[in-house]
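Topology and contacts: notes
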Amino acid sequence: MKELKFHGKSIIIGENSIEYIKNIEMKKVLIVTGGRSMFDNGAIDKLIGILKEKNVEVHIFKGVTKNPTTEVVKLGIEEMKKVNPDTVIGIGGGSPIDAAKAITLFYEYDLDIEKVEGTTLPQIRRRTKFIAIPSTSGTGTEVTRASVITYKEKDIKIGLKSDAFIPDYAILDSTLTYSMPKEVVAETGMDALTHAVECYINKNIDEFTEVLSEGAVKGIFKYLVSSYNGDKKARDKVHKYQCMAGCAFSNVGLGMAHGISHAIGGKYNLSHGLLNAVCLPYVLKFNSKDEEVKERLKYLSLQIGTKDFIKEVVELNKNLNIPLSFKDLGLDEKEFFQNIDELTENSLKGSTRVNPVKVNFDEMKQILSCIFYGNMDL
């Protein structure tokens, strides 16, 4: 177990690092988690055991679903009002941790999550510690200032931003990842790769984030397939590299793959990592019209020992049994194109605004069509 410090926050790494909870002062805790996985693999029981040894009062808010909605956040806020904890622990995949971030901040400031789009959120938590314990290896949410929430009435995911969302402690206990199903290993791993690559080609890149994002790209390419096939050492490596990608993009931003993923995911309730994996090759092909992006991708090709970085991403998707198009994901062709204008408008929002190549409505519509049919002729 080892404690690292970034921006005054702590990242705890190593097997069984969940034990670090013993060192954190707390009296009353609300645990925010998903459905059954953290109960089935024993993580919740272990966490409760550690807290009970410290004579901590424990409450649980469970059932956070994939792609957490504003309704879930509002239910969590009501639970916070009943409990009034001094510490919130988000444990599980990116969804419960993102929900826990929003629940904590919106409770503290008595804000309405339905009315915050376009406003500046408070940037500090005044009284509540926040601890993130990820059980999947991809979102990087344990170190970022973002909380992605689905607004169902608008059929879109919105990335809310605040420094107050950055957890005080991020505990990277790779033993919690051993129970991930193979498809979750693949999808979250490709989410992390998308973070690292979109950060690396972002125009806001700097020397610090360049090193982090490049290292994450190399590490994920080296270890993800082995992690997918059950190698525990590789699983631990990917868990750390995905966090590096999170540290990088939280300082720089992302790009169009995320903009599209949030739009499609908000409409069809599909896994964010899965959508990023499908979109990434097409987005990189489009962005390669920029000479600086082209050179950066060429450099990444050298770092992972290939001649064509985009083709290598496609091959990685194949090795992880990830579909290569929206059509292969099972989206209905007629319905998709009936909604194409709405999906195009929503895809132009969010991270697409900092894409290295500016994209207009007609171009985005063509990109979505190409991704649907698996056409790389962009």
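No experiment lies behind these values; they were computed from the predicted model shown.

This paragraph deals with the overall build of the chain. What the chain contains, in helices and strands, is 15 helices and 9 strands. For the chain, the C-alpha radius of gyration of 20 Å lies close to 21 Å, the compact-globule estimate for 378 residues. Seen through its C-alpha atoms, the chain measures out along the principal axes to roughly 60 × 45 × 35 Å. Within the chain, the proportion of its 378 residues that are buried is 60%. Within the chain, counting contacts between residues at least 6 apart in sequence, those at least 24 apart form 77% of the total. For the chain, the computed accessible surface area is about 15600 Å², with 48% contributed by carbon and sulfur atoms. Computing the positive centroid from 50 side-chain charges and the negative centroid from 51, the chain places the two 3 Å apart.

Residues Ile260, Ile264, Phe326 and Phe336 are the most contacted members of the largest nonpolar core, which totals 59 residues. The contact partners of Phe326, leaving out residues within four places of it in the chain, are Ile260, Ile264, Leu275, Val278, Cys279, Leu331, Phe336, Leu368, Ile371 and Phe372.

Another aspect to go through is the pairing of strand 3 (residues 28-32). In regular strands, side chains alternate between the two faces of the sheet. Within strand 3, 4 of the 5 residues are buried, which leaves it mostly tucked inside the rest of the structure. Strand direction decides the pairing type here: strand 3 and strand 4 (residues 57-61), joined by 5 bridges, are parallel. Counterpart to Leu30 in the pairing with strand 4 is His59. Both strand 3 and strand 5 (residues 87-92) contribute to a ladder of 4 bridges, which runs parallel. Residue pairing for strand 5: Leu30 is matched across the bridge by Val88.

Compared with the 32 Å implied by 1.5 Å per residue over 22 residues, the 31 Å span of helix 6 (residues 207-228) between its first and last C-alpha is a close match. Maximum bend of helix 6: about 35 degrees, positioned at Lys222. One or two residues past the end of helix 6 sits Gly230, with phi positive at roughly 100 degrees.

Right, let's talk about unusual backbone geometry for a bit. You will see that Asn67, though not glycine, has its phi angle at about 60 degrees, which is positive. Along the chain, Asn67 turns up in the loop between strand 4 and helix 3 (70-83). Even without a glycine there, the phi angle at Asn84 is positive, about 55 degrees.

One way to put it is that helix 5 (residues 182-200) packs onto helix 6 with a least axis distance of 9 Å and a crossing angle of 160 degrees. Put simply, helix 5 runs roughly antiparallel to helix 6. Pair helix 5 / helix 6 crosses with left-handed handedness. Contacts from Lys182, Val185, Ala186, Gly189, Met190, Ala192, Leu193, Ala196, Val197, Cys199 and Tyr200 of helix 5 reach helix 6 at Thr209, Glu210, Ser213, Glu214, Ala216, Val217, Ile220, Phe221, Leu224, Ser227 and Tyr228.

In the structure shown here, the tally under the stated rule is 20 salt bridges. Residues joined by salt bridges that share partners form a network here, namely Lys9, Arg125 and Asp168.

Attention now goes to the packing of aromatic side chains. Taken as a whole and assessed by the stated rule, the structure comprises 10 aromatic pairs. Judged by centre distance (6.0 Å) and plane angle (45 degrees), the ring pair of Tyr20 and Tyr169 falls under tilted. With Tyr20 in the loop between strand 2 (9-13) and strand 3 and Tyr169 in strand 9 (residues 169-172), this pair connects stretches of sequence that are 149 residues apart. Assigned by exposure class, Tyr20 and Tyr169 land together as buried. Ring geometry for Phe221 against Phe309: centres 5.6 Å apart, planes inclined by 65 degrees, an arrangement best described as edge-to-face. In this pair, Phe221 sits in helix 6 while Phe309 sits in helix 11 (residues 309-319), placing the two residues 88 residues apart along the sequence. Taken together through their ring pairs, the aromatic side chains of Phe326, Phe336, Phe337, Phe372 and Tyr373 make up a single cluster. The residue whose ring lies beneath Arg126 is Tyr109, and the NZ or CZ to ring-centre distance is 4.2 Å. Geometry around Tyr200 places Arg296 over its ring, the cationic atom sitting 4.6 Å from the centre.

Okay, the pairing of strand 8 (residues 156-161) next. When strand 7 (residues 146-151) meets strand 8, the two strands line up antiparallel, connected through 6 bridges. Paired with Val148 across the strands is Gly159, a residue of strand 8. In this antiparallel pair of consecutive strands, strand 7 and strand 8, the connection spans 4 residues, and Asp155 shows a positive phi of 55 degrees.

Here we come to the side chain of Asn202. Structurally, Asn202 is set in the loop between helix 5 and helix 6. Only 2.8 Å separates the side chain of Asn202 from the backbone nitrogen of Asn204, close enough to count as a polar contact. In terms of polar contacts, Asn202 uses its side chain to reach the backbone carbonyl oxygen of Val354, at 3.4 Å. Among all residues touching Asn202, those that are not within four sequence positions of it are Val252, Gly253, Leu254 and Val354.

Conventions and cut-offs
Residues numbered from 1 in each chain as written. Predicted model: local features only at pLDDT ≥ 70, side-chain atom pairs only at ≥ 80, totals over all residues. Heavy atoms only, no water. Helix = DSSP H or I, 4+ residues; strand = E, 2+ residues; numbered from the N terminus. Rg over C-alpha atoms; globule rule 2.2 N^0.38 Å. Buried < 20%, exposed > 50% of the residue type's maximum accessible area, 1.4 Å probe, protein only. Contact = heavy atoms within 4.5 Å. Areas by Shrake-Rupley, 256 points an atom, 1.4 Å probe, with all protein chains shown as cover. Lys, Arg positive; Asp, Glu negative; His and termini not counted. Charge placed at Lys NZ, Arg CZ, Asp CG, Glu CD. Core = buried A, V, L, I, M, F, W, Y, C linked by side-chain atoms within 4.5 Å. Pairing = 2+ DSSP bridges. Expected span 1.5 Å × (residues − 1). Bend = angle between axes of the 7 residues up to and from the residue. Axes fitted to C-alpha atoms, helices over the stretch in contact; angles between N-to-C directions. Parallel < 35°, antiparallel > 145°, perpendicular 65-115°, else oblique. Left-handed = near helix turned anticlockwise from the far one by under 90°. Salt bridge = Lys/Arg side-chain N within 4 Å of Asp/Glu carboxyl O. Phe/Tyr/Trp six-rings, centres within 6.5 Å; stacked < 30°, edge-to-face > 60°. Lys NZ or Arg CZ within 6 Å of the ring centre and 35° of its normal. Polar contact = N/O pair within 3.5 Å; in protein donor to acceptor, adjacent residues only side chain to side chain.

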